[in-house]
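Residue-level listing of the chains:
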Amino acid sequence: EELTRMGVNDTDLGDMRTDSERAEGMLVVNRILTKGTGYSAGLRSGDVLRSLNDILVHNYVDLEEILDDNVGNSVDVLVIRAGETMEMSVPVQDLYEITADEYIEVSKAVVHKLEYCLALACNIPAEGVFLASQGYMFKGLKATGPVVITGIGEYDTPTLDDFQTAMQAYPNGSQVAVRYIGVFDKTKTHFSRITVDKRWYRFERAKRNDREGRWSFRNLSKTALDDFDIVKPAEEDNTVASDNTNPLDAVVYVDFSTPFPIDGKNSLSCVGVGLVVDSKLGLVICERMTVPSSLGDIFVTFNSAKMVRAKAVFVHPFQEFSLIRYDTREIANDKLVNVCELKMNRNPLHIGQKLEYFGIDGDHNRLQSQCAVTKIMGLYIHANAGNPQFVPRNTEYFIANESAKGIGGVYVDPEDHSVYGFNFYFTDQKFRGIRATDVLPYVDSVREALLNGEETPREISLLPVQLNTVPLVQARATLNLDDEWALKLLNTMDPYRRSLLTVSRLMVDSDANMQFRENDLILAIDESPVTHFSTFTELTLGKSYVSATVLRNREIVEIKKVGTTALSCVGTQRVVIYAGMVLHSGHNALKFLGNVPDSVVEGGVYITSLCQGSPAEAEATLSKASRRNAFIIEVDNKPVKNLDDFLEAVSRVKNNDYVRLTALDVSTDKVSIYSIRADEEYWKTRELRRSSSGNWKEVNVPFSSNTRNKSLCLADANKLAAIAV
């Protein structure tokens, strides 16, 4: 009855029944690939198949046999359409040949021609470049679901060759527009901005080699793998400072992205605000939450009109700020850009002080409001052992009565627009004010080094203890603080705060860890009474040794000489990627947890993240285990204490063999033993190091061969037929 409604007459039905007693119906074209061979030959959805090459077709088996026998030729197809019998000649394609046999990998993104199976399912032509994996460079595309890239910059990309031409035309770091359509929303063309990246990951083209059962790779990049130079040296006499003193011209938009999440960070990108503190040197202060390390790409946007590259020159190990630098020559001749350098006020901020706030929001809109300081206090954020990452330590902040909107900004004096503080986004996802006086010593140090043509500071010496506060009344009532010391400390307090400092956590592998105890009440540093975080930092910063007076177990204890610790102010400086594991030495946040292996003294081998699709991630998925946030303590039963030990141990493992790892989970103290496959073909071992100039370079790993080895064997496949229907 249904076939009759579709126009099949009794004669055709009788012929089908006479030809085969098993005939239960007829085949109907359900979908037709737009611009495919079947469509071009005249086939349409709803056509009822009667015969191929004069052979009546009853089922899929009959259809497949005829098509497989005619691969590369044409078949005569007889269809019934709305009661009319139509005959057409349809080419039969080789399914294996029209399946993608080439792809381009760039910035960890994988692109290949759009295959007919997906095109048929989505009812779009099998043409264009399909983005199979967004990788690092295309991670910001907005479309929902898979996309087809139709253009890069001024180039259209209907084929893989066109895509390759476009990517080779634009140098690394270029800002270009990408045009694309979603395969599930083909009616709309989307536009996004991307930063061309051909240095963090390889840029190459792969071709399937059926004879050898492998993929052959060809390097497409003209950029050396160690070409990590981002910012040219700024010329001292090339100033772009404007006579206009509008503070909004000093507030900039900062965009950071990293190819490898390190130091416990989970996100690959972040945006925030910054303030130009030296327009001649191109020096900007920004949130550490936005720029947590120097491993990545940093962009600064001025006046919502011009975006330039920058690099991190200072990342504070304890405080919530970083310093970045851009090349002033990149904006010197831009008529749309006005850059105003604001001076920082060196006077202390006090409660009740009137301020003016200037900021921006996520859409680059400018904000301005009047406010007053209502609170100044110390900050304590509990460390998360399950995800150890940077938290500000020994930090003081202030709150203004007018809620600052947007993504951050700057607090200035209403009269001379000198900077009193910054509205920054903290690790615990709250906005707080940071006083200018707390960052001035570091800004001055970096500025002086740059002016003298010297290397910016790579380390700062501090006493590595995390402090918390305890009310004065509690110290007297429960800790037996005597009146003499209480009066000394009271004289150093401001009128609004009546609290003292107590030791909360200590960094392992430090002299402070040997001489202080948790819950010690800090009374004095170098005989100077201490009640504020800022005073504690001021008295210990840059010194080799200090003395301390503490209240411990209800008794006064004199610590005659305790050494400070040199802490990196450029973040992690060495990263190893092995089988998709991103490894580096234990960072500061781990050392404050206490439950780290002894190997952390020599650096340790810390698994900070896993690359998507890698052997390491495959093992973690199969085992239903995280594998992140752990120290590798043994490789094939051999102890490893640092990255050099690890590289030496895995150098003995042959490609495609399994390596046995013993790892200690930091959050649970659980020791796990598991194996992952070494894969030097698709997951080549890499080592990245930060140089003294602040640029990242790739270091050659001797055992990681540049020659591709066989990995995935492709069996000789029988030819499969398709009419693209």
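For the structure itself, consult the block above.
What comes next concerns the included structure.

Rules and cut-offs
- Counting of residues starts from 1 at the beginning of each chain's written sequence and follows it residue by residue.
- Only residues with pLDDT of at least 70 get local features here, since the model is predicted, and only at 80 or more are side-chain atom pairs given and counted; chain-wide, interface and lining totals rely on the full set of residues.
- To obtain the side-chain values, all non-hydrogen atoms of the structure were included, while hydrogens and water were left out.
- Counting from the N terminus, the helices are DSSP H or I runs at least four residues long and the strands are E runs at least two residues long.
- Three labels apply to residues, based on accessible area from a 1.4 Å probe with only protein chains included: buried if under 20% of the type maximum, exposed if over 50%, partly exposed otherwise in between.
- The Shrake-Rupley method, run with a 1.4 Å probe, gives the accessible areas here. Residue values count only the displayed protein chains as cover.
- In this tally, Asp and Glu contribute negative charge and Lys and Arg positive charge; neither His nor the terminal groups of the chain are included.
- Charge coordinates come from a single atom per side chain, which is NZ of Lys, CZ of Arg, CG of Asp or CD of Glu.
- Here the arc refers to the directions that run from the helix axis out to each C-beta atom.
- By definition, residues are in contact when any of their heavy atoms lie within 4.5 Å.
- Here a polar contact is taken to be a pair of N or O atoms separated by no more than 3.5 Å, where protein atoms must pair a possible hydrogen donor with a possible acceptor and residues adjacent in sequence count only if both atoms sit in side chains.
- Here, any two strands with at least 2 DSSP bridges between them count as paired.
- Only the stretch in contact is used when a helix axis is fitted, and all axes are lines through C-alpha atoms; the angle between N-to-C directions ranges over 0 to 180 degrees.

### Comments concerning the overall build of the protein chain
Part 1: The number of helices and strands found in the protein chain is 15 helices and 44 strands.
Part 2: Here the C-alpha coordinates of the protein chain stretch approximately 115 × 65 × 50 Å along the principal axes.
Part 3: The proportion of buried residues among the 725 residues of the protein chain is 55%.
Part 4: When the accessible surface of the protein chain is totalled, it reaches about 32300 Å², and 46% of it is carbon and sulfur.
Part 5: Where the 79 positive side-chain charges of the protein chain centre and where its 98 negative ones centre are 4 Å apart.

### Some points on helix α15 (residues 643–650)
Part 1: All buried positions along α15 are accounted for by Leu643, Phe646, Leu647, Ala649 and Val650. Here the buried residues of α15 occupy an arc of 160° about the axis, which is enough to place them on one side.
Part 2: Of the surrounding elements, those touching the buried residues of α15 are β35 (574–578), β36 (581–584), β38 (630–635), β40 (658–665) and β42 (686–690).
Part 3: Among the residues of α15, the N-terminal cap falls to Asn642, whose side-chain oxygen and the backbone nitrogen of Asp644 are separated by 3.2 Å.

### Some remarks on the sheet that holds strand β2 (residues 55–56)
Part 1: Reading across the sheet, the 4 strands line up as β2-β1-β3-β4 and stay open at both edges, with antiparallel pairing between neighbours. Single-partner strands in this sheet number two, and they are β2 and β4 (84–91).
Part 2: Alignment of strand β1 (residues 48–52) against β2, held across 2 bridges, turns out to be antiparallel. Of the residues in β2, the one forming a bridge with Ser51 is Leu56.
Part 3: Sheet contacts for helix α4 (residues 60–68): β1, β2 and β3 (74–81); angle to β1, the most-contacted strand, approximately 45°.

### Remarks on the sheet that holds strand β15 (residues 251–257)
Part 1: Strand order in the closed barrel formed by 6 strands is β15-β16-β17-β20-β19-β18, with antiparallel pairing between adjacent strands. Across the sheet, the mean angle separating the axes of adjacent strands is 40° when strand polarity is ignored.
Part 2: Those strands touched by helix α8 (residues 436–451) are β16 (269–278), β17 (283–286), β19 (306–315) and β20 (322–326), and its axis lies near 155° from that of β17.

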